[in-house]
Amino acid sequence: MSKILMKGNEAVGEAAIRAGCLHFFGYPITPQSEVPEYLARRLPEVGGVFVQAESEVAASNMIYGAAGVGVRVLTTSSSPGISLMAEALSYIAACELPVVLVNMMRAGPGLGGILPAQGDYLQATKGTAHGDFHLIVLAPSSVQEAVNLVMRAFELAENYRNPVMVIGDGMIGQMMEPVEFPEPAVGKPLDPGDWALTGCKDRPRRIVNSLYLDPEACNRHNFKLTAKWQRITEAEQRSESVYLDEPCDILLTSFGMTYRICKTAADELRAEGIKVGLFRPITLAPFPYQACRAAADRAGRILDVEMNMGQMLEDVKLAVQGTKSIDFLGTAGGVVPSPEDVAKKIREVLGSAPAKNASPKPAPQKKRKDKERA
Amino acid sequence: MASTEVLMAGFGGQGMLLSGKLLAHAAMEKGLEVSWLPSYGPEMRGGTANVTVCISDKPVASPYIVYPRALLVMNQPSLEKFAPRVKPGGLIVVNSSLVPVKSDRQDCQVVYVAANQVAQQAGTGRAANLVMLGVYVGWSEVVSLESTVRAIEEEFAEKAKFIPANVAAFKAGYEEGRKARGAKS
Amino acid sequence: MKKIFSATPLLVDRPTHYCPGCTHGVIHRLVAETIDELGIRERTVGIAPVGCSVLAYEYFNVDMFEASHGRAPAVATGAKRARPELIVFSYQGDGDLASIGMGEIIHAANRGEKITVIFVNNAIYGMTGGQMAPTTMPGQYSTTTPGGRNVKEVGYPVRMAELIASLRTPAFVARAAVHSPKEILRAKEYIRRAFSYQVAGTCFSLVELLSICPTNWGLSARESEKWLEREMMPYYPLGIKKEPETAEAEVKRG
C-alpha cells in the first residue's frame, strides 16, 4: 500500500480500525479532537460504534463496560481529560480488561494550555490513579510510529489483559507525515475468551469486579497483578539507541517528539565533530533501565531533554545509578525546545565540563545540575 | 537535495495550511520524506496560522524549525515576526497585495508578489495562497510543477469546479517564481 | 401438596449482607423473577453500584459488573453499545444515581440508551452510615444533617423520576414503592415493563423504587413502612411518569 499524508490524530483513529477496534467512546479536547472527529466519520462506514460521552469520566467508564463485554475498544484524550479518566483506569487495570487509550499531552498543570507538552510522564508511568497497578505506556516519535504503536497497543492489551496508553503530544497529534497502513482494512475482532461478560449461556456466570473485602484476597490479587507486571517488564521493554557504535561525548535522553528535536541537534553537532549519542525509550513503562544504562555507559555525560520540568529524568537517574553526570533541559507550557536550544545546551555543558572520552568525570557545581552518586 | 524547510504564515482562513499540505503531498509523491507541522491556537478563524513543511531525502528529524530556509507571508505581522529568522541565502515571499511594507533582509532574496491580483486574473481571488505556493515551487523546484498540480487536483477532487482556477493561480505563481530565480542567478 | 412458592433460580442461594428489614432483598427478587419470566437470563448483564447494593453481583445469578460510584449508566452504555443483543441493567441507590452519578444517569437517559435502570430510593446513605442523600426528606435526621435536612442550606430532595421524565427522548420512567404487598405488585409490573421495553429495543427505562432503611432511619421495620407512606409518598408520587408511546407522540407534535 502506498503512503498517504495524514495528521497524527487521524492516523491514530485509522490505526485502531486496522487493529480491529470498532468501538470508540470519548470526549472532545484540544489537541486530540481530530481523533473523535475522524472516528465519528469512519466507524459507521465499517460497522463500528462511536459514542461522544458527556465527559471523560463517562467515556472511561464506557470503555470499561465495552471491554468487559469483550470487544476491542479505544478512547483518546489530552492531559486534563486523562486526569478525569484516572479512576476508571484503576478499575480497568484491577479487573484486567484490555483497553487502549491515547493521551495527546498538552500543557499543564490545571487547565494549562492547548500547546504540546510532556508533563504527564509521571502520571502515565507511576501514579495514574489509586492503588498498585501499571499502565503499559508507549511513546511514538513520528506519525508512522504512532500508527504502529497503536496497533501494537491492542496486542499488548489483549496479551496481558492490561490497559495500554499511547502517549504523544499536541505536536504529533496535529502534524502530518506520510504513513502506511497494513492490510486488511479492518482487523479481526477480539476473542472474548473466558472472562468477558457475554451472557451466561451454557456456562457459569462471570463477574467483572475489583472489590475484595477480604484483605487476604485483595493481597493475593495485588501480588497477581504485580507478577504480571514483572512478566511485562521482562518481555516488553523497547528503546532506540542512535550513534552509539563508538563512545560519545554526550548522550541525549528524551522521548516522543522531543527525540526528533534532539536528533536534529545531534546531527548538527556531529557534523562539527562533537560526538553526540541518542537514547529514547519507546516503552516509557516498562522503562528500559538496562538499555538506558548501557547507552549511558558509552557516554561521557548525559543531557536529558523533555517538555516538562524533569520527569523522565527520574528514570534516567535510576538507570544510570549515579555513574554519570546528568544535566537537564526542560520547557513547559507549550514552549517547544528548538534544535538550536538543545545544541546550545550541549555546548554549554561540554564547555563547562569537557568530556573527551567515555570515562565518568565529576562535574563542577552549577545550577540545574542533576548529579547523583549511588 | 538534502533537506529544506519552508514556513508559510498568514491569518487563519487564508489557506496557508492548505498550501503547506499541497507541497508536502507533492514531495511525498516524489518519494521524499516530509513533515507538516501547524501552529494551532484556540480560535477557529481569524487568528494567526502558520505551518512548517520540512522536505528531505532522509527521514525528517525535527519537524519544529525556528530558522527556516524559506518564508511565505500573507500578512504584515507574520513578516515582522518570521522574516528575521530566515536562514541567510534563503527566500522570503511577500504577498504585496496585503503587506504594505518591505523586508529589510539584505542577505535573503525577497520576492514581492501581488498574489491576490494574480489570483484574480487567474480566475479566483481566493487562490492567493496557491499563487504563493507557486512562487515557492517555481523558485525552489523542490517539487515539480506537474506533481504539485496533481496534488491540487487530488485535494479538490470532490470540488472539481475549483480545480482550473486553483491550478491557474498556482501556475501564475510558478512563473513568478521562475522569473525571480532567473533574476537572482 | 401443591407447591405455591419457591426460591427464585435467578438469585444465588446464599444469605445476603443486607440489614434486617431492608427492602433490597424484595427488589432483588422482583428483578430476578422478571429476568427469569422473560427468559433472558442467558443474555443479561447486570451492573452493581457502590453503596449498600455494592455486592449485588454476588446475588444475581447472571453475568455481572461492579462499577465505580455513580458510573453504572456509563458502564451500561459501553456494554450495550458493544453488544446490543445483551439485556443490560444497572442497579443503583440514591447516592450513587442521584448524587455522584447524576451526570451519567441524565446523559444515558437523554441518549436513549436501551438499558434498564433500577433505582432504589431510601432517602439516606446506607453503607457509609446514614449520611444525607440527595433524596433525604426536608427535616429528616441524618448523620450529616444532625438538625434535620435544612432546605435553605442544602435544597430540596431531588425527584429523579420526574427529572428524567422531563427529558424529551422517549423513555419508560415510573415510580413504585416496596413497603406493602400491594405496592410490591405494582413495582413488579413496572419492572417487567421496563425490561420488556429493552427486550423490544424500544427505549431507555428506569424504575424508581421507594424503599426503607430501618437501620439508618432509626425506626423499626413496621414504623419505617409507615414513615415511607406518610413522609415520602406525598413528596415522591407513585405512578408512571413517562411512557415511550406518549413520548413519541409528544416528539411528533414537536
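Please refer to the structure higher up on the page.
Residues numbered from 1 in each chain as written. Chains lettered and ligands numbered in written order. Predicted model: local features only at pLDDT ≥ 70, side-chain atom pairs only at ≥ 80, totals over all residues. Heavy atoms only, no water.

Quick word on the interface of chain B and chain A
In step 1: Taken together, the contact pairs 20 residues of chain B with 26 residues of chain A.
In step 2: Carbon and sulfur atoms make up 73% of the surface buried where chain B meets chain A, a total of about 1800 Å² over both sides.
In step 3: Taken together, the connections running from chain B to chain A amount to five residue pairs in polar contact (both at pLDDT 80 or more).
In step 4: Contributions of two or more residues to the side of chain B that touches chain A are made by helix 1 (16-29) and strand 2 (33-38) of chain B.
In step 5: For the side of chain B that touches chain A, the element with the most residues is strand 2 of chain B, which contributes six residues.
In step 6: Taken together, the residues that form the side of chain B that touches chain A break down as 14 nonpolar, four polar and two charged. (Contact = heavy atoms within 4.5 Å. Buried area = accessible area lost by both parts, 1.4 Å probe. Polar contact = N/O pair within 3.5 Å; in protein donor to acceptor, adjacent residues only side chain to side chain. Helix = DSSP H or I, 4+ residues; strand = E, 2+ residues; numbered from the N terminus. Nonpolar A, V, L, I, M, F, W, Y, C, P; charged D, E, K, R; others polar.)

Digging into empty space enclosed by the protein
In step 1: Taken as a whole and judged by the stated rule, the model has one cavity of 30 Å³ or more.
In step 2: Of the voids in this model, the largest cavity is the one considered here, and its volume is about 60 Å³.
In step 3: A class-by-class count of the residues in the lining of the largest cavity yields four nonpolar, five polar and one charged. (1 Å grid on protein atoms, 1.4 Å probe; cavity = no way out; pocket = protein on both sides within 12 Å on 5 of 7 lines; lining within 4 Å. Points joined across faces, edges and corners; volume = space filled by probe spheres on them.)

Regarding the layout of surface pockets
All names here are of chain A.
In step 1: In this structure, the second largest pocket occupies an estimated 890 Å³ of space.
In step 2: No other element matches helix 9 (residues 257-271), which puts six residues into the lining of the second largest pocket.
In step 3: Residues of the lining of the second largest pocket, tallied by class, amount to 13 nonpolar, eight polar and 15 charged.
In step 4: The residue makeup of the lining of the second largest pocket includes at least three contributed by each of domain 1 (4-235) and domain 2 (239-352). (Domains from an automatic or database assignment.)

Topic: the interface of chain A and chain C
In step 1: Listed per partner, the contact involves 36 residues of chain A and 34 residues of chain C.
In step 2: Each partner contributes to the roughly 2700 Å² buried at the junction of chain A and chain C, and carbon and sulfur atoms together form 58% of this total.
In step 3: Taken together, chain A and chain C are joined by four salt bridges.
In step 4: A salt bridge links arginine 203 of chain A to aspartate 63 of chain C; the shortest N-O distance between them is 2.5 Å.
In step 5: Inspection of the region where chain A meets chain C yields 17 residue pairs in polar contact (both at pLDDT 80 or more).
In step 6: Elements that contribute at least two residues to the side of chain A that touches chain C include exactly strand 2 (23-26), strand 3 (49-52), helix 3 (56-68), helix 4 (79-94) and strand 9 (207-208) of chain A.
In step 7: Considering every element that reaches the side of chain A that touches chain C, the biggest residue donor is helix 3 of chain A, with eight residues. (Salt bridge = Lys/Arg side-chain N within 4 Å of Asp/Glu carboxyl O.)

Some remarks on the packing of aromatic side chains
In step 1: Scanning all chains against the criterion turns up 14 aromatic pairs over all chains.
In step 2: Ring geometry for phenylalanine 287 of chain A against tyrosine 289 of chain A: centres 4.9 Å apart, planes inclined by 55°, an arrangement best described as tilted.
In step 3: Judged by centre distance (5.7 Å) and plane angle (65°), the ring pair of phenylalanine 89 of chain C and phenylalanine 195 of chain C falls under edge-to-face. Here phenylalanine 195 of chain C lies in helix 8 (residues 181-199) and phenylalanine 89 of chain C lies in strand 3 (residues 87-93), a separation of 106 residues in the sequence. Take phenylalanine 89 of chain C and phenylalanine 195 of chain C: they sit in the same class, and that class is buried.
In step 4: Aromatic rings pair up to connect Phe60, Phe89, Tyr91 and Phe195 of chain C into one cluster. (Phe/Tyr/Trp six-rings, centres within 6.5 Å; stacked < 30°, edge-to-face > 60°. Buried < 20%, exposed > 50% of the residue type's maximum accessible area, 1.4 Å probe, protein only.)

Points about the arrangement of the chains
In step 1: Most contacts, among the two pairs of chains that meet, fall between chains A and C.
In step 2: Regarding chain B and chain C, the two do not touch, and the least distance separating their C-alpha atoms is 27 Å.

Re the packing of helix 1 (residues 8-18) of chain A against helix 6 (residues 143-160) of chain A
Residue and element names in this part refer to chain A.
In step 1: Interaxial distance between helix 1 and helix 6 falls to 8 Å at its minimum, and their mutual angle equals 35°. Crossing of helix 1 over helix 6 shows right-handed handedness. Of the residues in helix 6, those in contact with Gly8, Ala11, Val12, Ala15, Ala16 and Arg18 of helix 1 are Val143, Ala146, Val147, Val150, Met151 and Phe154.
In step 2: Residues belonging to the contact of helix 1 with helix 6 are distributed by class as follows: 10 nonpolar, one polar and one charged. (Axes fitted to C-alpha atoms, helices over the stretch in contact; angles between N-to-C directions. Left-handed = near helix turned anticlockwise from the far one by under 90°.)

Describing helix 4 of chain A
All names here are of chain A.
In step 1: With 16 residues, helix 4 should reach 22 Å at 1.5 Å per residue; the first-to-last C-alpha distance of 22 Å fits that figure.
In step 2: The largest bend along helix 4 reaches roughly 45° and is located at alanine 86.
In step 3: With 12 of its 16 residues buried, helix 4 lies for the most part within the structure.
In step 4: Turning to helix 4, its buried residues are Ser79, Gly81, Ile82, Met85, Ala86, Ala88, Leu89, Ser90, Tyr91, Ile92, Ala93 and Ala94.
In step 5: Two residues or fewer past helix 4, glutamate 96 is found with a positive phi of approximately 55°. (Expected span 1.5 Å × (residues − 1). Bend = angle between axes of the 7 residues up to and from the residue.)

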